[in-house]
Amino acid sequence: MLCTNCNGDIPAGSRPWAKTCSKKCSRERAFKVYREMNPPTGLATATVGAIAELAVAADLMGRGYEVFRALSPSCSCDLALNIDGRLIRVEVRTGYLTKGGRLTYPRPKSDDGRNDIYAVRTKDGAITYIPTIEGEKK
């Protein structure tokens with residue numbers, strides 16, 4: 001079987017479902033797929049992230065939540081919600097839908113334990129909360 005990135009041979013003994021010959025090719029292929037789904041906008045990635053954070057904050061405020069935004073880019077979460085006296089940490093990610101319609105977004109190991117909710121904003125402006133936030137606050 002051939003690598004879908006470099007057309008080299010996939011080593012014998014690899015997982016039977018492997019599509020690439022190495023971790024390097026796997027990362028390169030993932031980046032190519034991401035770029036196909038999300039062509040560059042000309043905006044800096046930090047700007048795209050800030051736009052997503054503001055869009056999520058506006059959405060949550062529109063649902064009736066108290067929303068707080070981090071002042072430093074190195075804070076442990078992007079937004080915080082006050083829900084019934086509890087502080088809920090929100091990490092905002094920019095994601096995309098695969099050709100099959102599956103939502104994909106980065107989830108680095110460094111995020112483990114740092115948030116309670118992911119808010120994923122796609123290029124079309126749709127926001128998905130994981131786990132789900134239902135409707136408006138009562």
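Cut-offs and rules
- Residues numbered from 1 in each chain as written.
- Predicted model: local features only at pLDDT ≥ 70, side-chain atom pairs only at ≥ 80, totals over all residues.
- Heavy atoms only, no water.
- Helix = DSSP H or I, 4+ residues; strand = E, 2+ residues; numbered from the N terminus.
- Rg over C-alpha atoms; globule rule 2.2 N^0.38 Å.
- Contact = heavy atoms within 4.5 Å.
- Areas by Shrake-Rupley, 256 points an atom, 1.4 Å probe, with all protein chains shown as cover.
- Lys, Arg positive; Asp, Glu negative; His and termini not counted.
- Charge placed at Lys NZ, Arg CZ, Asp CG, Glu CD.
- Buried < 20%, exposed > 50% of the residue type's maximum accessible area, 1.4 Å probe, protein only.
- Core = buried A, V, L, I, M, F, W, Y, C linked by side-chain atoms within 4.5 Å.
- pLDDT = per-residue confidence, 0-100.
- Salt bridge = Lys/Arg side-chain N within 4 Å of Asp/Glu carboxyl O.

## With respect to the overall build of the chain
- From N to C terminus, the chain includes 2 helices and 6 strands.
- Reading the chain from its N terminus to its C terminus gives the helix and strand order α-α-β-β-β-β-β-β.
- A compact globule built from 138 residues should have a C-alpha radius of gyration of about 14 Å, whereas the chain, at 18 Å, is more than 25% larger.
- Oriented by its inertia axes, the alpha-carbon framework of the chain measures out at about 55 × 30 × 30 Å.
- Across the chain, the fraction of contacts at a sequence separation of at least 24, relative to all contacts at a separation of at least 6, is 42%.
- For the chain, the exposed surface amounts to about 9,300 Å²; the carbon and sulfur share of it is 56%.
- In the chain, which carries 22 positive and 15 negative side-chain charges, the distance between the mean positions of the two groups comes to 7 Å.

## Some remarks on unusual backbone geometry
- With an omega dihedral of -5°, the bond running from Ile130 to Pro131 counts as a cis peptide bond.
- Along the polypeptide, Pro131 turns up in the segment after strand E6 (127–130).
- At Asn7, a residue that is not glycine, the phi angle is positive and equals roughly 65°.
- Tracing the backbone shows Asn7 in the segment before helix H1 (23–37).
- In the Ramachandran plot, Asp84 falls in the positive-phi region, its phi being about 50° despite a non-glycine side chain.
- As for its position among the elements, Asp84 is in the loop between strand E2 (79–83) and strand E3 (86–97).
- Accessibility expressed as a relative area gives 71% for Asp84, which makes it exposed.

## Side note on the nonpolar core
- Among the nonpolar cores identified, the biggest contains 15 residues, and Leu60, Leu79 and Leu81 are the most heavily contacted of them.
- At the level of elements, helix H2 (45–62), E2, E3 and strand E5 (117–122) are the ones that each hand at least two residues to this core.
- Take this core: its biggest share by element is 4 residues, from H2.
- Apart from residues lying up to four places away in sequence, Leu60 is in contact with Tyr65, Val67, Leu79, Leu81, Tyr129 and Ile133.

## Brief notes about the side chain of Glu91
- Note on placement: Glu91 falls in strand E3.
- If we skip the residues at most four places from it in the chain, Glu91 touches Ser76, Cys77, Asp78, Asp111, Asn115, Ile117, Tyr118 and Ala119.

## Let's talk about the confidence of the model for the chain
- Per-residue confidence for the chain averages 85 on the pLDDT scale, and 93% of its residues sit at or above 70.
- Strand E1 (residues 66–69) holds the highest mean pLDDT among the elements of the chain, 96, whereas H1 holds the lowest, 80.

## Regarding the pattern of salt bridges
- Throughout the structure, instances matching the rule amount to 5 salt bridges.
- Residues Glu91 and Arg93 are paired through a salt bridge, measuring 3.8 Å at the closest nitrogen-oxygen approach.
- On the basis of relative accessibility, which here comes to 9%, the residue Glu91 falls in the buried class.

## Some points on the environment of Pro73
- Counting through the fold element by element, Pro73 comes out in the loop between E1 and E2.
- With 52 residues separating them along the chain, Pro73 and Cys21 place their C-alpha atoms 36 Å apart.

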